[in-house]
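The lines below spell out each chain.
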Amino acid sequence: MELFGVPVEGLMYHPVTVFALSLLAGGILYSLGKAMAPVSSAVGGKLKTYACGEEVEGESFPTSYHLYHAAFIFTLLDVLALVIGTVPAVRFPWLVGGYLLVGLIAIVILFKD
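Not measured: the values here are computed from a predicted model.

### With respect to the overall build of the chain
Counting its secondary structure elements, the chain contains 3 helices and 2 strands. Looking at the 113 residues of the chain, the share that counts as buried comes to 9%. If you sum the accessible surface of the chain, you get close to 10,300 Å²; carbon and sulfur atoms cover 72% of it. Of the side chains in the chain, 5 bear a positive and 8 a negative charge, and the two mean positions are spaced by 4 Å.

Written as structure tokens, this is what we have:
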């Protein structure tokens, strides 16, 4: 007997079922922790950021994205290597070639910037 194309015997180990059960377990643990935790009260500097006893005013931090392209290219190459290394090239040579072509195009586009 099948349910949504998956045998009923294997339904418990289906990735969607495992994800849903994990989400449910996490929600139950979160609710249990929230119910057991004491009520927080704002006393003095309890809710302020700890800065070794100094009074530090909050200010914005300048963001910098100069390493974004390098991180993106590394991620792209890492995923390409993982996919190409795990695809059976004998059965799907067009898939390997397609991934290489798309990856090469993406790298060329990223280096143009």
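Moving on from the coordinates now.
### A closer look at the environment of Ser22
Inspection of the secondary structure puts Ser22 in helix H1 (residues 15-36). According to the relative accessible area criterion, Ser22 is partly exposed, its value standing at 46%. A distance of 2.8 Å separates a polar atom in the side chain of Ser22 from the backbone oxygen of Val18.

Basis of the calculations
- Residues numbered from 1 in each chain as written.
- Predicted model: local features only at pLDDT ≥ 70, side-chain atom pairs only at ≥ 80, totals over all residues.
- Heavy atoms only, no water.
- Helix = DSSP H or I, 4+ residues; strand = E, 2+ residues; numbered from the N terminus.
- Buried < 20%, exposed > 50% of the residue type's maximum accessible area, 1.4 Å probe, protein only.
- Areas by Shrake-Rupley, 256 points an atom, 1.4 Å probe, with all protein chains shown as cover.
- Lys, Arg positive; Asp, Glu negative; His and termini not counted.
- Charge placed at Lys NZ, Arg CZ, Asp CG, Glu CD.
- Polar contact = N/O pair within 3.5 Å; in protein donor to acceptor, adjacent residues only side chain to side chain.

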